Amino acid sequence: MAPVFDWLQSAAGKLREFANAEEKETRVRPRVGLALSGGFARGISHIGVLHVLEDTGIKIDVIAGTSVGALIATCYAAGVPLEEMEKLARKTNFTDFGRWTPSWMGLATNKRMEAYLTRLTPLTQFEQLKIPLAIAATDLGKGEAIYFTTGPLGPALRGSCAYPGLFVPIEHMGSTLVDGFLTAPVPVEAVIQLGAEVVISVYLEAGVVESPRTVGDVISRSFTVIQRHADTSWRQKSDIIIEPDVREFLWADFTRSSELIAAGESATLSAIKHIRSVIASKSKVATERTA
């Protein structure tokens with residue numbers, strides 16, 4: 001009978017512990033995703049956005065980018081300090097990532113983009129990154145968005161930045177790739193696929209070039225018109241939309257980095273209260289019993 005008596009005593013003790021235990025509620029923060037649009041030099045304002053998010057404690061769990069947004073997102077996912085991004089942005093010009101090589105497929109090549117990336121990070125594969133990343137490009141053959149989340153970073157990034165007419169398309173993984181802004185101007189779908197429960201989108205609206213002076217101006221202006229009439233379903237899927245005022249900046253205004261970063265900071269500061277409210281509303285309550 002002794003073993004049975006011991007077992008009953010042990011069971012009774014556990015029941016008393018359970019009865020005396022207290023329930024403790026904790027809030028589980030939702031996964032936050034950041035989707036960055038393209039915009040050539042205007043994309044430098046994304047650095048300002050990230051500065052404010054970091055300074056106010058808004059943690060980004062997953063990130064995606066289109067075109068220059070893909071470059072900034074890649075650097076952020078690789079753990080590159082924002083100060084380093086900012087320092088390089090101030091010294092960047094077109095020849096750092098593009099080389100004029102007129103052909104039937106485009107006016108320039110962006111092959112230098114891969115070397116440009118190595119100036120910021122030694123990482124070369126998606127699998128090496130510190131947080132999940134998606135790079136958005138357009139499959140020219142299918143006319144569809146394609147999101148890269150595995151494999152080499154360089155070709156995916158070049159494809160995302162292959163502005164039609166300006167840069168030669170990129171052949172990668174059986175697809176002919178051009179700029180992601182054609183099909184995913186703000187890659188919201190990509191961060192949702194990565195598991196984001198709160199989506200913060202950053203959109204950079206281009207201004208009007210009154211008198212185009214170069215073929216680059218003509219191409220840029222043409223696609224700005226297309227962008228204004230494009231599918232805006234990404235807005236409905238976004239929880240927060242940050243829109244830095246960068247309309248006065250031209251596609252190649254790399255020398256105005258400080259102003260672009262300030263525009264990103266200003267727009268994000270205005271959105272912080274809303275961001276915190278959305279995160280709080282989507283937080284989940286987890287119950288834990290403690291003795």
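The written sequence of each chain sets the order in which its residues are numbered from 1. The predicted origin of the model limits local features to residues at a pLDDT of at least 70 and limits the giving and counting of side-chain atom pairs to 80 or more, whereas totals for whole chains, interfaces and linings rest on all residues. Note that the side-chain values use all heavy atoms of the structure and ignore hydrogens as well as water.

### Considering the pattern of salt bridges
Heads up, the condition is: Between Lys or Arg on one side and Asp or Glu on the other, a salt bridge is scored when a side-chain nitrogen of the former is within 4 Å of a carboxyl oxygen of the latter. Strands are runs of DSSP state E lasting at least two residues, helices are runs of H or I lasting at least four, and both sets are numbered from the N terminus onward.
Summed over the entire model, instances satisfying the criterion amount to 11 salt bridges. Residues Glu84 and Lys87 are paired through a salt bridge, measuring 3.5 Å at the closest nitrogen-oxygen approach. With Glu84 and Lys87 both in helix H4 (residues 82–91) and 3 residues apart, this pair spans about one turn of that helix. Salt-bridge contacts for Asp96 lead to Arg119; the nearest nitrogen and oxygen are separated by 3.4 Å. Of this pair, Asp96 sits in the loop between H4 and strand E4 (99–100) while Arg119 sits in the loop between helix H5 (112–118) and strand E6 (133–139), placing them 23 residues apart in sequence. Counted as one network, the salt bridges with shared partners bring together Glu248, Arg256 and Glu259.

### Quick look at the nonpolar core
Defined as follows: Take the buried Ala, Val, Leu, Ile, Met, Phe, Trp, Tyr and Cys residues and link them wherever side-chain atoms come within 4.5 Å; each set so joined is a nonpolar core. Note on classification: 1.4 Å probe, protein chains only; a residue is buried when its accessible area is under 20% of the maximum for its type, exposed when over 50%, partly exposed between these limits. Residue contacts are counted whenever heavy atoms from the two residues lie within 4.5 Å of one another.
Counting 71 residues, the largest nonpolar core has Leu34, Ile63, Leu133, Phe167, Ile242 and Ile275 as the members making the most contacts within it. In terms of residue count, helix H10 (residues 257–281) provides more of this core than any other element does, 9 residues in total. Ignoring any residue separated from it by four or fewer positions in sequence, one finds Leu34 in contact with Leu50, Leu53, Ile60, Val62, Ile63, Ala64, Val191, Ile200 and Val202. Val62, Ala64, Ala134 and Val199 belong to the second-largest nonpolar core, a separate cluster that totals 12 residues.

### Section: the environment of Arg29
Put simply, the rule is: Distance and chemistry together define a polar contact, namely a pair of N or O atoms within 3.5 Å, with one atom able to donate a hydrogen and the other to accept it when in protein, and with adjacent residues in sequence counting only for side-chain atoms on both sides.
Tracing the backbone through its elements, the reader meets Arg29 in the loop between strand E1 (22–28) and strand E2 (32–36). Each C-alpha atom of the pair Arg29 and Val198 lies 9.8 Å from the other, and the pair is 169 residues apart in sequence. Aside from chain neighbours lying at most four places away, what touches Arg29 is Lys59, Asp61, Ile279 and Ser283. Among the polar contacts listed, one links the side chain of Arg29 to the side chain of Asp61, at a separation of 2.9 Å.

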